[in-house]
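As a plain string of letters, each chain reads:
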Amino acid sequence: MSISGRTRLFAVLGDPIAQAKAPALLNPLFADSGVDAVLVPVHAPADRLDDVVRGLKATANLDGLLVTVPHKLAMCAHADELSDTATLLGSTNALRREPDGRWYGDNFDGAGFVRGLAARGHDPAGLRVALAGAGGAGLAIAAALLAGGAASLTVTDPDRGRLDALLERLGARWPDRVAAAAAVGASTDLAVNATPLGLDPADPLPFDPALLPPTALVADIIMTPAETPLLRAAAALGRPTHPGIHMLDQQLPLYRTFFRLPT
């Protein structure tokens, strides 16, 4: 990679940010597309997010932003226009600067997750899904799984307000197929961790994989470490597992289109 005064800038925002895989995947995509651009990680503390984003948007050669935990909900306020998906979710993980200078936001977490499942031979249609986490990523994944034909989806989250917000948003679109649950239960075909638990090795497990049926697929959206404590515990019990990197891998073609990169 050669950076010059003509290089266009992209940034991925998070708090923390050390775990972000986007630079390692997007920068080769820029190179492969023949685009003189670079994506850099930006640690944006939650209490300084507005300041950080205002400064970045004032940078004339900044063309796009990616968003990771915990900013996906808050970043909607920094978009001038949202896609239908981002509007439904109230969450965005990608923003681009339009030719007129306005910022357009979309969300590819859910689509990337479902495409990642399909690429590994897992069709969500007809599955009973248990989801841990009702934040920005969890909301996106829940909507995509329901749109993909999941028979039912139960959601756990210690933040009742966040959980109620998810149920209100998605229950109107998919009545009788999404509900709150106290814990991940035995009537599950697919169990998904969409919480940050697992980023720190000292974190507790988001749910106990021993409570799942032996054939239940255990998926995690955390990408660093690649084998999270949850996936390691599930594998030790003989449960099939699905790591988080597949979600990001399958977002790459979506980002190529979104950021209008040449094929």
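Above this note sits the structure.
In short, a report on the structure. (Residues numbered from 1 in each chain as written. Predicted model: local features only at pLDDT ≥ 70, side-chain atom pairs only at ≥ 80, totals over all residues. Heavy atoms only, no water.)

**Comments concerning the packing of aromatic side chains**
- In total, this model carries 7 aromatic pairs according to the counting rule given.
- Seen from their ring centres, Tyr255 and Phe259 are 6.2 Å apart, and the 35 degrees between their planes marks the pair as tilted. We note that Tyr255, like Phe259, is buried.
- Between the NZ or CZ atom of Arg96 and the centre of the ring of Phe258, over which it lies, the distance is 4.7 Å. (Phe/Tyr/Trp six-rings, centres within 6.5 Å; stacked < 30°, edge-to-face > 60°. Buried < 20%, exposed > 50% of the residue type's maximum accessible area, 1.4 Å probe, protein only. Lys NZ or Arg CZ within 6 Å of the ring centre and 35° of its normal.)

**Things to note about the sheet that holds strand β6 (residues 103-106)**
- Across the sheet, which stays open at both edges, the 6 strands sit in the order β2-β1-β3-β5-β6-β4 with mixed pairing between neighbours. Both outer strands of the open sheet, β2 (37-43) and β4 (81-82), are each paired with one neighbouring strand and no more.
- Sheet topology note: the strand β5 (residues 94-97)/β6 ladder contains 4 bridges and is antiparallel. Looking at the pairing, Arg97 lines up with Trp103 of β6. (Pairing = 2+ DSSP bridges. Helix = DSSP H or I, 4+ residues; strand = E, 2+ residues; numbered from the N terminus.)

**Quick word on the nonpolar core**
- Grouped together as the largest cluster of nonpolar side chains are 54 residues, with contacts concentrated most on Leu26, Leu66, Phe113, Leu145, Leu153, Leu170 and Tyr255.
- Among the elements that line this core, the one with the most residues is helix α5 (residues 136-147), at 9 residues.
- Counting residues in each nonpolar core, the second largest holds 14 residues, with Ala11, Leu13, Val42 and Trp103 among its members. (Core = buried A, V, L, I, M, F, W, Y, C linked by side-chain atoms within 4.5 Å.)

**Topic: the sheet that holds strand β11 (residues 217-220)**
- Strand order in this open sheet of 6 strands is β9-β8-β7-β10-β11-β12, and the pairing throughout is parallel. Both edges of this open sheet fall to β9 (178-180) and β12 (241-242), since each of them pairs with a single strand only.
- Across the sheet, α5 touches β7 (128-132), β8 (152-156), β9 and β10 (190-193), and the angle it forms with β7 is around 170 degrees. (Contact = heavy atoms within 4.5 Å. Axes fitted to C-alpha atoms, helices over the stretch in contact; angles between N-to-C directions.)

Note that all results are geometric; they support no functional claim without further evidence.
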